[in-house]
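For reference, the chains in residue letters:
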Amino acid sequence: MKRFVYINDDDLSPELYCDNRISNRKYTLLNFLPKNLWEQFSRFMNQYFLLIACLQLWPLITPVNPASTWGPLIFIFAVSATKEAWDDYNRYLSDKKANEKEVWVVRQGSKKLIQAQEIHVGNLVWLRENDEVPCDLILLGTSEPQGVCYVETAALDGETDLKTRSIPPACMGIDSDLLHKIKGVIECPNPDKDIRRFDANVRLFPPFIDNDVCPLTIKNTILQSCYLRNTDWACGVAVYTGNETKLGMSRGVPEPKLTAMDAMIDKLTGAIFIFQIVVVIVLGIAGNIWKDTEARKHWYVLYPDEGPWYELLIIPLRFELLCSIMIPISIKVSLDLVKSLYAKFIDWDNQMVDLETGTSANATNTAISEDLGQVEYILTDKTGTLTENKMIFKRCCISGTFFGNENGDAVKDVELLNAITTGSPDAIRFLTVMAICNTVIPIKSPSGIVSYKAQSQDEEALVRAAASLHMIFVNKNSNILEINFNGSLIQYEVLDYLEFTSDRKRMSVVVRDCSSGKIILLSKGADEAILPCAYAGTLHYLLVASFMV
């Protein structure tokens with residue numbers, strides 16, 4: 001199935017697709033009571049307490065007032081329901097904050113500031129640097145001449161490195177002042193939760209392009225909850241909104257969470273209940289035998305000669321009520337109150353604060369906080385997940401010669417500086433790989449200072465290290481890279497990028513030296529992937545370096 005999104009059409013799109021209101025709430029006012037009771041009684045411990053409370057309604061077997069059990073039971077369920085209602089109310093406040101966030105969109109040909117929940121499919125959305133993306137967008141324009149922007153996708157995939165997104169070829173060259181007038185149609189698949197795949201096409205209407213169809217991929221999208229980084233502004237058309245975004249589709253319906261402690265208590269409750277049944281059966285049989293053989297002989301035991309059909313159940317059920325103290329009903333309310341207090345201790349902890357942003361810890365779910373204390377192992381697949389991801393160029397090996405050391409910075413190594421000063425071909429080629437084998441974008445300020453926008457810290461660290469060693473990446477104009485080495489300008493034409501993958505474990509770039517016309521393949525990556533490719537006489541220049549995290 002396909003959906004057709006008409007770009008900048010204020011009349012048609014709102015009627016076909018949902019608005020951008022998101023909802024992560026678990027309950028509504030109508031279904032809260034039945035749904036919450038169903039979830040509470042899905043646990044065996046609660047079923048056990050309900051069974052005991054119901055048995056105490058039978059005057060023939062209960063030795064106490066039923067209110068002594070029903071009162072605490074109702075109080076316990078009320079506490080649990082209140083805690084769930086509070087968690088759901090906090091989710092509502094979070095949704096309300098996201099829905100009411102102000103964004104710039106194009107309406108009737110002009111920019112307007114509206115709430116995020118009022119965005120409709122087909123609207124043009126304008127983002128500024130560090131803005132959160134309110135819905136799934138197809139990128140149409142950016143502040144960068146190359147038509148790229150950088151996004152942080154940590155909310156989607158946990159990756160802290162920046163990702164590059166580019167505008168479709170059909171939108172290249174469109175002036176930023178004309179973007180709010182753009183018209184066209186996008187043919188895309190129905191909403192799904194695959195954040196790594198997007199196959200669609202766009203056709204812009206004249207005068208922008210003469211109805212040519214341009215393919216779209218995931219590289220042309222910026223998804224909901226990503227952040228625009230290192231880009232002054234970006235413009236995109238909304239294709240999926242609200243709970244139909246890829247992030248919204250992957251959330252699904254919130255399920256009740258059962259902690260390890262809750263599961264253990266349920267198992268212990270079940271084991272104790274089985275033990276109770278065994279005890280009740282043994283004592284019930286013994287009690288019925290004593291009643292038939294001895295009790296009727298005593299005048300003060302007023303047993304009738306013939307009783308009802310359920311008479312054999314009375315004594316076992318009495319023993320069941322007497323043995324019910326094995327599982328105290330107070331355990332549930334104690335656990336719920338302790339969990340809530342434990343979650344508040346997390347919120348109140350002054351040491352659990354991000355000093356850079358001032359963001360403190362926030363326990364969004366009070367039901368699973370204790371699981372944090374049971375974590376024994378943390379498995380991580382890459383650098384940066386558990387570290388600050390700050391890179392320093394410490395060591396390198398050029399033609400078998402090592403420069404730098406584990407305790408210092410390679411850019412200050414005297415031998416490496418001398419090799420560069422004397423014009424060592426191997427050192428210069430190594431610096432060339434460091435400077436241009438990447439996807440870094442150099443930005444020159446009005447004062448002439450060059451800064452870099454990179455997808456990852458290691459790429460930026462390599463380029464900065466090369467610049468410190470006089471191989472300065474100064475400009476990227478379309479596919480032309482400009483390097484300033486000791487005052488002379490060197491140009492390379494990028495023919496193709498071979499991106500890093502987990503299989504290749506390296507990233508490569510094919511360039512043409514504009515002065516000599518030679519085509520060169522430059523690579524960098526893991527030593528185990530790079531070293532087997534190194535041999536004499538190759539034009540495949542390799543980079544293996546050491547970083548400090």
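Coordinates for the structure precede this section.
Residues numbered from 1 in each chain as written. Predicted model: local features only at pLDDT ≥ 70, side-chain atom pairs only at ≥ 80, totals over all residues. Heavy atoms only, no water.

A. Representation of a nonpolar patch on the surface. A cluster of nonpolar residues, M264, L268, I272, F275 and M326, forms a patch on the protein surface that exposes about 450 Å² of accessible area. Relative to the elements of secondary structure, M264 occurs in helix α7 (residues 260-293). The class of M264 is partly exposed, set by a relative accessible area of 46%. (Patch = residues over 30% accessible without salt bridge, like charges linked within 9 Å, V, L, I, M, F, W, Y side chains within 5 Å. Areas by Shrake-Rupley, 256 points an atom, 1.4 Å probe, with all protein chains shown as cover. Salt bridge = Lys/Arg side-chain N within 4 Å of Asp/Glu carboxyl O. Helix = DSSP H or I, 4+ residues; strand = E, 2+ residues; numbered from the N terminus. Buried < 20%, exposed > 50% of the residue type's maximum accessible area, 1.4 Å probe, protein only.)

B. Representation of the side chain of K163 within the structure. Topologically, K163 is positioned in strand β7 (residues 162-166). Discounting residues that sit within four places of it in the chain, K163 has contacts with C149, Y150, V151, T153, D157 and Q455. (Contact = heavy atoms within 4.5 Å.)

C. Quick look at the sheet that holds strand β5 (residues 136-142). If you walk across this open sheet you meet the six strands as β3-β2-β4-β13-β5-β11, and the pairing is antiparallel. Each edge of the open sheet carries a strand with a single partner, namely β3 (110-115) and β11 (221-222). (Pairing = 2+ DSSP bridges.)

D. Structural context of the sheet that holds strand β1 (residues 2-7). The strand order across the open sheet built from four strands is β1-β8-β9-β10, with neighbouring strands paired in antiparallel fashion. Single-partner strands in this sheet number two, and they are β1 and β10 (213-216). Adjacent strand axes in the sheet meet at a mean angle of 20 degrees, parallel and antiparallel pairs treated alike. (Axes fitted to C-alpha atoms, helices over the stretch in contact; angles between N-to-C directions.)

E. Structural detail: the packing of aromatic side chains. Per the stated rule, a full pass over the model turns up 10 aromatic pairs. Between the aromatic rings of F345 and W348, the centroid separation amounts to 5.8 Å while the plane-to-plane angle is 85 degrees, which identifies the pairing as edge-to-face. With F345 and W348 both in helix α9 (residues 330-348), this residue pair falls three residues apart, about one helical turn. Through pairs of rings, three or more aromatic residues link up here, namely F44, Y48, F49 and F273. Note that R3 overlies the ring of Y17, its terminal NZ or CZ placed 4.1 Å from the centroid. Above the ring of W126, the side-chain terminus of K111 is found at 3.8 Å from the ring centroid. (Phe/Tyr/Trp six-rings, centres within 6.5 Å; stacked < 30°, edge-to-face > 60°. Lys NZ or Arg CZ within 6 Å of the ring centre and 35° of its normal.)

F. Spatial organisation of unusual backbone geometry. Within the chain, N130 stands out as a residue other than glycine whose phi angle is a positive 75 degrees. By the element assignment, N130 lies in the loop between β4 (124-128) and β5. N130 gets classed as partly exposed once you look at its relative accessible area, which sits at 44%. Its identity as a non-glycine residue notwithstanding, K505 has a phi of 60 degrees, on the positive side.

G. Representation of the packing of α7 against helix α8 (residues 311-323) in the model. Put simply, α7 and α8 touch, their axes get as near as 8 Å, and they point 135 degrees apart. Here α7 lies oblique to α8, going by the angle between them. Pair α7 / α8 crosses with right-handed handedness. Residues F273, Q276, I277, V279, V280, L283, G284, G287, N288 and K291 of α7 form the contact with α8, whose own contacting residues are E311, L312, I315, P316, F319, E320 and C323. Looking at side-chain class alone, the contact of α7 with α8 contains 10 nonpolar, four polar and three charged residues. (Parallel < 35°, antiparallel > 145°, perpendicular 65-115°, else oblique. Left-handed = near helix turned anticlockwise from the far one by under 90°. Nonpolar A, V, L, I, M, F, W, Y, C, P; charged D, E, K, R; others polar.)

H. Layout of the pattern of salt bridges. A complete count under the given rule lists 19 salt bridges for this structure. Linking K246 and D192 is a salt bridge whose minimum nitrogen-to-oxygen distance equals 2.8 Å. On the criterion of sequence distance, the pair formed by K246 in helix α6 (residues 246-251) and D192 in the loop between β8 (184-189) and β9 (200-204) is long-range, its members being 54 residues apart. Accessibility expressed as a relative area gives 1% for K246, which makes it buried. Of the charged contacts, one joins K344 and D347 as a salt bridge, the two residues approaching to 3.7 Å between their closest N and O atoms. Placement of both K344 and D347 in helix α9 is noted, with a separation of three residues, approximately one turn of the helix. Looking at D347, the relative accessible area reads 21%, which means it is partly exposed.

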